[in-house]
Amino acid sequence: MVRELEREWETALAEPAHLTEEYERYRRRLPTRLSAAELAAIRALAEDLPALWAAPTTTTADRKKLLRAIIDSVQVTADGASERVHATVIWVGGARTEADLLRPVARVDQLSYFPQLAERIKTLAGQGLTTAQMVNRLVADGLRPPHQGERFHPGEIQHLIRRLGIRPGLEADRRTDQGRLGRDQGPSPRILDTGLCGFGKGS
């Protein structure tokens, strides 16, 4: 009986110590609470990040370390095979930044606006414009080539015209690489198939 009471007493004395150890382990797992001075220093550094990034003394390796320190992950979702992608930057701390971006693609028929581009070229060809003039109109319309350059090359327009069957009798000026529409030539009467199965092969 006495020994049983002693064991219970020892167990009761050990329990507070056990609880204290568990509490300390719990506290060590909690994120450290920053002081007011530490928070102020972090805010000041955040305001200086653009200057730090652009500083001539900042190396490429430094920039990579900086990105790894402030970005948790980047998620990129493509809209099929088109030039359109959606990017989500998840910053350390949980904040998110969303952005719609454009990427180069391999073929013109991968462009999300290819049907619009094909109809526009058909219209411009019907007006008798040279390929150089058509390029300028497409620039004004904001229609870019697959590689996302500023403008199509006249040769690209000639190739596209032939593929679309808009000017079956197109004659090219070899000195300027600018095709012109003959007097007896007009847009092909056949219906333009914007799907163009197999378009771009060998391009």
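Everything discussed here concerns the structure shown above.
Residues numbered from 1 in each chain as written. Predicted model: local features only at pLDDT ≥ 70, side-chain atom pairs only at ≥ 80, totals over all residues. Heavy atoms only, no water.

Asker: So what exactly am I meant to see when it comes to helix α5 (residues 131–141) here?
Answerer: Taken residue by residue, α5 has Thr131, Ala132, Met134, Val135 and Leu138 as its buried positions. Buried residues in α5, looked at end-on, bunch into an arc of 155 degrees, giving them a common side. A positive backbone phi angle near 80 degrees is found at Gly142, which sits one or two residues after α5. (Buried < 20%, exposed > 50% of the residue type's maximum accessible area, 1.4 Å probe, protein only. Helix = DSSP H or I, 4+ residues; strand = E, 2+ residues; numbered from the N terminus. Arc of directions from axis to C-beta.)

Asker: Where do I start with the packing of α5 against helix α6 (residues 154–164) in this structure?
Answerer: When two helices pack together, you describe them by how their axes are tilted relative to each other and by the distance separating the axes. Taken N-terminus to C-terminus, the directions of α5 and α6 make an angle of 100 degrees; their axes are 9 Å apart at the nearest point. It follows from the interaxial angle that α5 and α6 lie roughly perpendicular. Of the residues in α6, those in contact with Thr131, Met134, Val135 and Leu138 of α5 are Pro154, Ile157, Gln158 and Ile161. Residues that form the contact of α5 with α6 fall into these classes: 6 nonpolar, 2 polar and no charged. (Axes fitted to C-alpha atoms, helices over the stretch in contact; angles between N-to-C directions. Parallel < 35°, antiparallel > 145°, perpendicular 65-115°, else oblique. Contact = heavy atoms within 4.5 Å. Nonpolar A, V, L, I, M, F, W, Y, C, P; charged D, E, K, R; others polar.)

Asker: How should the packing of helix α4 (residues 114–126) against α5 be read in this particular structure?
Answerer: Close contact between α4 and α5 brings their axes to 11 Å; oriented N to C, the two are set at 140 degrees. By the criterion of interaxial angle, the relationship of α4 to α5 is oblique. By crossing handedness, the relation of α4 to α5 is classed as right-handed. Facing Leu117, Arg120, Ile121, Leu124 and Ala125 of α4, the residues of α5 in contact are Met134, Arg137, Leu138 and Asp141. Here the residues of the contact of α4 with α5 are counted per class, giving 6 nonpolar, no polar and 3 charged. (Left-handed = near helix turned anticlockwise from the far one by under 90°.)

Asker: Help me understand the pattern of salt bridges in this model?
Answerer: Any two side chains of opposite charge can pair, so long as their charged atoms come close to each other. In total, this model carries 5 salt bridges according to the counting rule given. Across the pair Asp79 and Arg84 runs a salt bridge, and its minimum N-O distance is 2.6 Å. The exposure class of Asp79 is partly exposed, given its relative accessible area of 37%. Close ionic contact of Arg144 with Glu150 constitutes a salt bridge, the shortest N to O distance being 3.5 Å. (Salt bridge = Lys/Arg side-chain N within 4 Å of Asp/Glu carboxyl O.)

Asker: Sorry if this is basic, but what is going on with helix α2 (residues 36–54) here?
Answerer: Since one α-helical turn is 3.6 residues long, residues separated by three or four positions face the same way. With 19 residues, α2 extends 28 Å from end C-alpha to end C-alpha; this agrees with the ideal 27 Å at 1.5 Å per step. The sharpest bend along α2 comes to roughly 50 degrees, located at Asp48, with the proline Pro50 sitting one to four residues further on. (Expected span 1.5 Å × (residues − 1). Bend = angle between axes of the 7 residues up to and from the residue.)

Asker: What should I look at first to understand unusual backbone geometry in this one?
Answerer: Trans peptide bonds make up most of the peptide bonds, and negative phi angles are found at most residues other than glycine. Phi is positive for Gln148, which is not a glycine, with a value near 65 degrees. Mapped onto the elements of the fold, Gln148 is located in the loop between α5 and α6.

Asker: Explanation requested: the side chain of Thr88 in the structure shown.
Answerer: Locating Thr88 in the fold gives a position in strand β2 (residues 84–91). The class of Thr88 is buried, set by a relative accessible area of 5%. A polar contact of 2.8 Å, which involves the side chain of Thr88, links it to the side chain of Glu98. If near-sequence neighbours (up to four positions away) are discounted, Thr88 is found in contact with Ser73, Val74, Gln75, Arg96, Thr97 and Glu98. (Polar contact = N/O pair within 3.5 Å; in protein donor to acceptor, adjacent residues only side chain to side chain.)

Fair warning: the whole summary comes from geometry, so function is off the table for now.
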